[in-house]
Amino acid sequence: FYEMKKIAEEEQVLGFSISGAGPSLFALCPNSLVAEKTSNRIQALLTENKIESQSYISMINLEGAKKY
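Computed from a predicted structure; not experimentally measured.

A.B. asks: Explain the overall build of the protein chain residue by residue, including any values.
C.D. replies: Scanning the protein chain from terminus to terminus reveals two helices and two strands. Each helix and strand of the protein chain, placed in order from N terminus to C terminus, yields the pattern α-β-β-α. Counting only residues that meet the buried cut, the protein chain has 21% of its 68 residues in that class. Counting only contacts in the protein chain whose residues sit at least 6 apart along the sequence, the fraction spanning at least 24 positions is 30%. Here the protein chain has roughly 5,900 Å² of accessible surface; of this, 54% comes from carbon and sulfur atoms. Computed over 7 positive and 8 negative side-chain charges, the separation of the two mean positions in the protein chain equals 6 Å.

Right, here's the structure in full:
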C-alpha cells in the first residue's frame, strides 16, 4: 500500500486510500491524465510483484443518489 501511495503522491492525486476493508483502493485525481498515469504506474508495480489487479477510471457522479 505504501509504495502505491507514494506513486499517487508523486502524481499529485487529491486523495488515495483503501476502500472499505480492502482489497480495493481509490484515488481522487484532478483530471483524467493524472488518473491514467497514476493507474498505469500502480498497475506496473503490481504486475512487477506478481499481483493480479484490475483498474477502473471513472468520472465522479455530481448528481448523487436518485430515488426511483
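A.B. asks: For the packing of aromatic side chains, give the residues involved together with the corresponding values.
C.D. replies: The geometry of an aromatic ring pair comes down to the distance between the two centres and the angle between the two planes. Considering all chains together, one arrives at two aromatic pairs under this definition. Centroid distance Phe1 to Tyr2: 5.3 Å. Interplanar angle 75°. Geometry classified as edge-to-face. Its relative accessible area of 32% is what places Phe1 among the partly exposed residues. Between the aromatic rings of Phe1 and Phe16, the centroid separation amounts to 5.7 Å while the plane-to-plane angle is 25°, which identifies the pairing as stacked. With Phe1 in the segment before helix 1 (2–10) and Phe16 in strand 1 (residues 15–19), this residue pair connects regions lying 15 residues apart in the sequence. Feature note: the residues Phe1, Tyr2 and Phe16 constitute an aromatic cluster, connected by ring pairs.

What counts, and at which threshold
- Residues numbered from 1 in each chain as written.
- Predicted model: local features only at pLDDT ≥ 70, side-chain atom pairs only at ≥ 80, totals over all residues.
- Heavy atoms only, no water.
- Helix = DSSP H or I, 4+ residues; strand = E, 2+ residues; numbered from the N terminus.
- Buried < 20%, exposed > 50% of the residue type's maximum accessible area, 1.4 Å probe, protein only.
- Contact = heavy atoms within 4.5 Å.
- Areas by Shrake-Rupley, 256 points an atom, 1.4 Å probe, with all protein chains shown as cover.
- Lys, Arg positive; Asp, Glu negative; His and termini not counted.
- Charge placed at Lys NZ, Arg CZ, Asp CG, Glu CD.
- Phe/Tyr/Trp six-rings, centres within 6.5 Å; stacked < 30°, edge-to-face > 60°.

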